[in-house]
Amino acid sequence: MKQTTQLETGTEGKSDVRAGDKPPAGFARRSRPSRQAAYEPDEALSNYAAPPLQPWEEDAPRSAQPPAAPSNTLMPKAAKRMVILAIVWLVFLLFVSLKSAHATPEAGGAASAALSSAKASYQLHCAACHGTDRLGGIGPALLPENLSRLRKGEALKVVRDGRPATQMAGFGQALAADQLAALVDWIYTPVVPAPLWREADIRASRIQHAEPAKLPARPVFEADPLNLFLVVEAGDHHVSVLDGDRLEVIHRFPSRHALHGGPKFADGGRYVFFASRDGWVTKYDLWNLKVVAEVRAGINTRNLAASPDGRHIAIANYLPHTLVLLDGDLNLLKVLEVSDRDGKHSSRVSAVYDATPRHSFIAALKDVPEVWEISYDPAADEIPAGLIHDHAQREGAFIPGYLNPCRTQLNDPLDDFFFTQDYAELMGASREGKGQVVNLDARKKIADLPLAGMPHLGSGITWDWRGRRVMASTNLQAAEVTVIDLQSREVVRRIPTRGPGFFLRSHENSRYAFVDSMMSPEYKHVLQVIDKETLKVVHELTEQPGRTLAHVEFTRDGSYALASLWEDDGALLVFDAQTLAEVKRIPMRKPVGKYNVWNKIMREEGTSH
């Protein structure tokens, strides 16, 4: 049951940072074994070395040796303690070595048997759909990189009971409990060496489903094609096409497993491109409601970007470390191996974005401190490579500017970006919260950002506030929305929220911005409404505690705001954007995101790009 609460003000929270003390220095020579070493026999054995012989213990002349103590001399107490400790230590080491000799083969044999059982179970029950190498087939890839958002407990439940309304059957009757657990443990184990996905693999994977030239060049439905929503339903891996005027579903089709990064529209909204976590890229004709082509561009994929005309597609991969470039028909153009300038350190690609005014893609690199810009303009200027003596006289090495990376060197990697409206500057942050402003023309950092926690700049929005242009962003760790002046780059306001949030959405025709608290176990069922003029939370929309309410998207004209009840028996909740009253509820299977064609292709200020 939806509830509403009027709010006016909140308080900001601060966190303390404590530094650890330095450990005490050890003895310089011949220190006694510590108590900790006695409880770590494996490390003690591996690091044990006999103490060096003293001069009188070697084959030295008798005159060089110390005189023997008289037989009636009593042994000092300290020496007695040393002898007793040495005897106890030797007995302990003997005990540990005997125990290890007996225990290791048995434990190793059990582990080896469990591993063999898991591999056999996989080949018998899973390989037909998920591939003999776990890289996926008609089912998703079963690798830890692709299962990062699925907890082992949930995975065990799926393997045991299956997934309703899908081809995933349950194997609880065929496998014992320990076999099921071993199988799940195995699919969460990395493949060593890491699997590869080469150019030949990409080309061989391509599937042509329909010929675009043979499809009508007009919509086959009556709805406004620019006010359609695509709703990604993760509950059963489908996508629904929603008429944004009548607020009704007009079509629903199956998708690849675990779509990620949001669909990208092209060619005036006729075509849309999807990327799945296991690397599949799908081209969909939204006017004809048909899948056109598919290709697998990687093994673990983050997202994709598409040029506005749909002629160039870029895919960001975690595995392998590549940025893949395709043409509009999903034919391979180029694979860029991602590493630093010297080629010494490779990197995952966190995300790739289309910078429409620049006719280029911008890539965020996870593991090296660089930002890449890849021009898809065939007439792009050449890129200097290596040392250049005189750029004007072309004294040096150059590479083509088309589909090659132009690098901006930074001090810290940037994991996510927000772009100014003209795309001349980007505001980025690392996972450690270090914020930077980068000028893409000057190819350098020009300012720091005073951010805290883990800002999610990729979901940032902008608006005009009291004569200034401001940007606002959620935070994945701190319970706040941070509002920054885009000219001075100063924090204008830190708006307290119920908890850390992921999505922030608005529309140029709406006074309100909606923010979730989905990273908070206590408040993930709450949507808060911020007044963009007063910069205060003024309203709350709530669902049952424990359920997730998130990801707002507006209709083309901004009159309605649609939110996702992010559950398998969930729904789209439609709110009047002015009165904030709920006007409709549309049942959906875990609707994780919804995307309006107009807002996306026009780069509307209230939504992410």
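To start, this report covers the structure provided alongside it. (Residues numbered from 1 in each chain as written. Predicted model: local features only at pLDDT ≥ 70, side-chain atom pairs only at ≥ 80, totals over all residues. Heavy atoms only, no water.)

Side note on the overall build of the chain
In terms of regular secondary structure, the chain is built from eight helices and 36 strands. Each of the 609 residues in the chain was classed as buried or not, and the buried ones make up 48%. Within the chain, contacts between residues separated by at least 24 positions form 49% of all contacts whose residues are at least 6 apart in sequence. Accessible surface computed for the chain: about 31400 Å², of which carbon and sulfur atoms make up 54%. (Helix = DSSP H or I, 4+ residues; strand = E, 2+ residues; numbered from the N terminus. Buried < 20%, exposed > 50% of the residue type's maximum accessible area, 1.4 Å probe, protein only. Contact = heavy atoms within 4.5 Å. Areas by Shrake-Rupley, 256 points an atom, 1.4 Å probe, with all protein chains shown as cover.)

Comments concerning helix α5 (residues 152-161)
Side chains three or four residues apart in an α-helix point the same way, a direct result of the helix having 3.6 residues per turn. Restricting attention to buried positions, one finds in α5 the residues Ala-155, Val-158 and Val-159. In a view along the axis of α5, the buried residues occupy a sector of 95 degrees, so they form one face of it. In this fold, the buried residues of α5 make contact with α6 (177-187). Trailing α5 by a residue or two, Gly-162 shows a phi angle of about 80 degrees, which is positive. (Arc of directions from axis to C-beta.)

A short note on the pairing of strand β29 (residues 512-516)
Burial within β29 is extensive, with five of its five residues counted as buried. Residues Tyr-512, Phe-514 and Asp-516 point to one face of β29 and Ala-513 and Val-515 to the other, with burial holding for every one of them. Across two bridges, the pairing between strand β28 (residues 504-505) and β29 is antiparallel. Within β29, the position partnered with Arg-505 by the bridge is Phe-514. Hairpin connection between β28 and β29: a loop of six residues separates the two successive antiparallel strands. Two strands pair when backbone bridges link them, and β29 and strand β30 (residues 526-531) are joined in this way by five bridges, in the antiparallel orientation. (Pairing = 2+ DSSP bridges.)

Here we look at the sheet that holds strand β11 (residues 312-319)
Two strands in a sheet stick together by hydrogen bonds in their backbones, pointing the same way (parallel) or opposite ways (antiparallel). Judged by pairing direction, the sheet is antiparallel, and its four strands sit side by side in the order β10-β11-β12-β13 without closing on themselves. The open sheet has two edge strands with one neighbour each: β10 (300-306) and β13 (332-337). Adjacent strand axes in the sheet meet at a mean angle of 20 degrees when their direction is disregarded. (Axes fitted to C-alpha atoms, helices over the stretch in contact; angles between N-to-C directions.)

Considerations on the pattern of salt bridges
On inspection of all chains with the given rule, the structure shows 30 salt bridges. Across the pair Arg-203 and Glu-199 runs a salt bridge, and its minimum N-O distance is 3.5 Å. Of the two residues, Arg-203 and Glu-199 both sit in helix α7 (residues 199-205), four residues apart, roughly one turn of that helix. Note on Arg-203: relative accessible area 48%, which makes it partly exposed. Of the residues examined, Glu-199 reaches a relative accessible area of 37% and is grouped as partly exposed. Between Arg-252 and Glu-233 there is a salt bridge, with the nearest N and O atoms lying 3.0 Å from each other. Of this pair, Arg-252 sits in strand β5 (residues 248-254) while Glu-233 sits in strand β3 (residues 228-233), placing them 19 residues apart in sequence. Judged by relative accessible area, Glu-233 falls into the buried class, the value being 2%. Members of the salt-bridge network, linked through shared partners, are Glu-233, Asp-236, Arg-252, Asp-568 and Arg-589. (Salt bridge = Lys/Arg side-chain N within 4 Å of Asp/Glu carboxyl O.)

Digging into the sheet that holds strand β22 (residues 435-439)
Spatial ordering of the open sheet is given by β20-β21-β22-β23, a layout of four strands whose pairing is antiparallel. Each edge of the open sheet carries a strand with a single partner, namely β20 (416-419) and β23 (444-449). On average, adjacent strands in this sheet sit at an angle of 30 degrees to one another, irrespective of strand direction.

Observations regarding the side chain of Arg-134
In this fold, Arg-134 is placed in the loop between α4 (127-130) and α5. A distance of 3.3 Å separates a polar side-chain atom of Arg-134 from the backbone oxygen of Trp-186. Excluding its chain neighbours within four sequence positions, the residues that come into contact with Arg-134 are Tyr-122, Ala-141, Leu-142, Leu-143, Pro-144, Trp-186, Ile-187, Tyr-188, Thr-189 and Val-191. (Polar contact = N/O pair within 3.5 Å; in protein donor to acceptor, adjacent residues only side chain to side chain.)

Points about the nonpolar core
Membership of the largest hydrophobic core comes to 25 residues, with the highest contact counts inside it found for Ile-202, Phe-273, Val-281, Ile-315, Val-324, Leu-326 and Leu-330. Of all the secondary-structure elements, those providing two or more residues to this core are β7 (271-275), β9 (290-296), β10, β11, β12 (322-327) and β13. Apart from the residues lying within four places of it in its own chain, the contact partners of Val-324 are Ile-202, Ala-297, Ile-313, Ala-314, Ile-315, Asn-317, Leu-332, Lys-334 and Val-335. One finds Ala-223, Phe-274, Phe-503 and Ala-550 within the second-largest nonpolar core, a separate group that totals 22 residues. (Core = buried A, V, L, I, M, F, W, Y, C linked by side-chain atoms within 4.5 Å.)

Details of the pairing of strand β31 (residues 536-542)
With respect to burial, β31 is a largely interior element, six of its seven residues being buried. Here β30 pairs with β31 via six bridges, running antiparallel. If you follow Val-526 over to β31, its bridge partner there is Thr-542. Turn length for the β30-β31 hairpin, with the two strands adjacent in sequence and antiparallel, is four residues, and the turn residue Leu-535 shows positive phi of about 60 degrees.

Things to note about unusual backbone geometry
The omega torsion across Val-192 and Pro-193 is -5 degrees, close enough to zero to call that bond cis. Examined against the element boundaries, Pro-193 turns out to sit in the loop between α6 and α7. Cis peptide bonds are those with omega within 30 degrees of zero, and the linkage from Leu-319 to Pro-320 qualifies with -10 degrees. By the secondary structure assignment, Pro-320 is in the loop between β11 and β12.

Some words on empty space enclosed by the protein
Throughout the structure, instances matching the rule amount to two cavities of 30 Å³ or more. Lining the largest cavity, in full, are Tyr-353, Asp-354, Phe-417, Phe-418, Phe-419, Tyr-423, Leu-457, Gly-458, Gly-460, Thr-607, Ser-608 and His-609. Of all the secondary structure elements, the ones that give two or more residues to the lining of the largest cavity are β14 (349-355), β20 and β24 (455-465). Each residue belonging to the lining of the largest cavity can be placed in one class, and the counts come to six nonpolar, five polar and one charged. (1 Å grid on protein atoms, 1.4 Å probe; cavity = no way out; pocket = protein on both sides within 12 Å on 5 of 7 lines; lining within 4 Å. Points joined across faces, edges and corners; volume = space filled by probe spheres on them. Nonpolar A, V, L, I, M, F, W, Y, C, P; charged D, E, K, R; others polar.)

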